[in-house]
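# Structural description and commentary
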Amino acid sequence: MNPVARNATGPLSPQLRSRASRDLAIAWLSVSCLFLLALLLYLHALGSPSLWFDEAFSVELARQPLPRLWQAIWGPEPNMELYYLLLHFWLQLTGTLGLAPTEFIVRLPSAICAALSVIVVYLFGKRYLSVTAGLCAALLYLLNYSTLIYAQQTRAYALQLLLLTLSWYALAACYTARRRLAGWWTLYVVTTTLAFYAQLFSLVIFFIQLVTIAGLWLLPTAWREGARQRWKLIASALVAIGLLALPLIPVARQTGKTDWLAQPHFHDLLNLLAVMLGGDHPLVTLLVLSCLPALLLIPLALILRRAERQGLAFSVQHGNRWLTYARHLAADHLPLLWLISCWFIVTILLSFGLSLGPARLFSSRYLVVTMPAFALLSALGLSLVRPRLLQGALALLLVALSFVNALNYYPHAQLEDWRSAAMWLQHHYQPNDGLVCYNTIQGCQVSFEYYFAAYPISQAHFTNDAPGNLLSWQTDSGYAAPGRTPDAALDINAVAAYARQHPRLFYIVGRVPDSQAAQQVSAVESWLDQHYQLLASMSSAGGISVRLYAIVPSTALLRPGQGSGWS
């Protein structure tokens, strides 16, 4: 640098440092405010709804000793391995601190992961669009109905959201960063691999990322040169991810636990966003419309490319100013649009297509991982709206409607009220009472056992000889006895034999799978009503019911001179 330049720039150095410090402080303040706002929303009423079956199963599995948990996640429960391990150590930590595994405690890690993913969405939008667009994307994602659902559930989806959002962010940075390339590629490899172990659906997302990488290599975008120059880093990262995912292949092939999902139809595809946003209302339409300006960049780029091939006759007819602006938009945003479109649109279409075959992957709980991309796509579309006054008004309208929609979630957060049923049972429990539960495979027993442990106000417990007691955390195999089926709780003879060993019997029903099973349950309850004395009963949300019987011969229930009817 020559002396003149040095003298000219020297006095500005403190000002530049001051400005950099101020910008950094503002950035940290924005991130902190977003994080606190997300936590405020996600922690609100976090412990109010009862755990539903899937959540109770997560907690009960994570509470097991580490060797038994390890055996389960590499055996019958190969999905969500990473989440179960993290939840296991979280429960150990909170237990050491004297905190019971209440609903708030077991859901807290999910709320924190979801709040952190909001920060990643903000940084994503800020880096590739603008501070305003990043803030808009973060708020739309923060207030997203599906994000809120899984931020308040004891399942792996919030952790998966955080890891995959980081993965996509790191992948984009790998093509655009001018320094610390090794760090970005390392972050991409680590977060993508961990996402596999958090939720197996992440393998589908990895395939989508391969499609994205191929497109960035082939399509004439601003990122293509970087993609071709860094092909060795790309190849090494993909190979590393493949090697780190190898342990999952045997267990992933053995699991077929999505057969509970029905084969989707075309109307399910059309209604997906309405389902994920909490209903078919104007917000869905407005969010889709906000994406259109961004999606129009694709045909715009094709038109411009064709015009260039025709000797720029297009510029003569319509003016160089419009053409320059359009070329600028296409050049700046087309690579990002390709990445976001693959993340959002291609993921949904691929999961729908795969679900038409033997796989069943088309579900809002799996596709919640596309919601960050949906928010970014909406923010990108809004950033293209002119004039800026209209742009700001539309953004504020979408955020306001999203906020109102998010508030509608809380009154409907309760899925299954196992807590009320379990607490009622514990208040009525007496020593040596028997407990029979249907349907064990659908989580009836597991949900009650969670509440017995979280709120131990009695000695209520299931015994391994109870009809229908299929699972047991007290045995090495995880099963109460070989050859058991949950349908034993519908066998009147088995229930009667078990009841005769106890002075009183609780007959519990929850998550009845179909109408045939419902008829069998009704038959058992009718028989119990006729032969034993019904002392009390209750029911709660989600079709859960508990009936308490005194075990007395039917002759004791009959009037003098009336026949016995005992069978």
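Please read all numbers here as calculations on a predicted model, not as lab measurements.

Attention now moves to the overall build of the protein. For the protein, the count of helices and strands is 27 helices and four strands. Counting the 567 residues in the protein, one finds 50% classified as buried. At a minimum sequence separation of 6, the contacts of the protein that also span at least 24 residues come to 76%. Carbon and sulfur atoms provide 64% of the accessible area of the protein, an area that totals close to 26500 Å².

As a further point, take a nonpolar patch on the surface. Together, Val239, Leu243, Leu246 and Ile249 make up a nonpolar patch on the protein surface, roughly 370 Å² of accessible area in all. As for its position among the elements, Val239 is in helix H13 (residues 231–244). Note on Val239: relative accessible area 49%, which makes it partly exposed.

Following both chains from N to C, one finds helix H7 (residues 131–142) and helix H23 (residues 388–407) inclined at 20°, their axes separated by 9 Å at the closest point. The angle between the axes of H7 and H23 places the two elements in the roughly parallel class. Along this stretch, H7 crosses H23, giving a crossing that reads as left-handed. Contact residues: Cys136, Leu139 and Leu140 in H7; Ala395, Leu398, Val399 and Ser402 in H23.

For strand E3 (residues 533–540) and strand E4 (residues 544–550), the ladder comprises seven bridges, and the chain directions are antiparallel. Within E4, the position partnered with Ser540 by the bridge is Ile544. A loop of three residues connects E3 with E4, the two strands running antiparallel in sequence, and Gly542 in this loop sits at a positive phi of about 95°.

On to the sheet that holds E4. Each strand in a sheet pairs with its neighbour through backbone hydrogen bonds, running either in the same direction (parallel) or in the opposite one (antiparallel). Spatially, four strands are ordered E1-E2-E4-E3 in an open sheet, and the strand pairing comes out mixed. Looking along the sheet, the strands with just one partner apiece sit at the ends: strand E1 (434–438) and E3. Strand-to-strand twist of the sheet, defined as the mean angle between neighbouring strand axes without regard to direction, takes the value 15°. Two strands pair when backbone bridges link them, and E1 and strand E2 (residues 504–509) are joined in this way by five bridges, in the parallel orientation. By the bridge assignment, Val436 is partnered in E2 with Tyr507. The sheet strands contacting helix H26 (residues 492–499) are E1 and E2, and the helix crosses E2 at an angle near 140°.

The next subject is the state of the cysteines. By the definition in use, this model includes one disulfide. At a sulfur-sulfur separation of 1.7 Å, the disulfide partner of Cys437 is Cys444. With the S-S dihedral at roughly -95°, the linkage between Cys437 and Cys444 falls on the left-handed side. When sorted by exposure, Cys437 lands in the same class as Cys444, which is buried.

Reading the values: the criteria
Residues numbered from 1 in each chain as written. Predicted model: local features only at pLDDT ≥ 70, side-chain atom pairs only at ≥ 80, totals over all residues. Heavy atoms only, no water. Helix = DSSP H or I, 4+ residues; strand = E, 2+ residues; numbered from the N terminus. Buried < 20%, exposed > 50% of the residue type's maximum accessible area, 1.4 Å probe, protein only. Contact = heavy atoms within 4.5 Å. Areas by Shrake-Rupley, 256 points an atom, 1.4 Å probe, with all protein chains shown as cover. Patch = residues over 30% accessible without salt bridge, like charges linked within 9 Å, V, L, I, M, F, W, Y side chains within 5 Å. Salt bridge = Lys/Arg side-chain N within 4 Å of Asp/Glu carboxyl O. Axes fitted to C-alpha atoms, helices over the stretch in contact; angles between N-to-C directions. Parallel < 35°, antiparallel > 145°, perpendicular 65-115°, else oblique. Left-handed = near helix turned anticlockwise from the far one by under 90°. Pairing = 2+ DSSP bridges. Disulfide = S-S within 2.5 Å.

The values are spatial; any link to function lies outside them.
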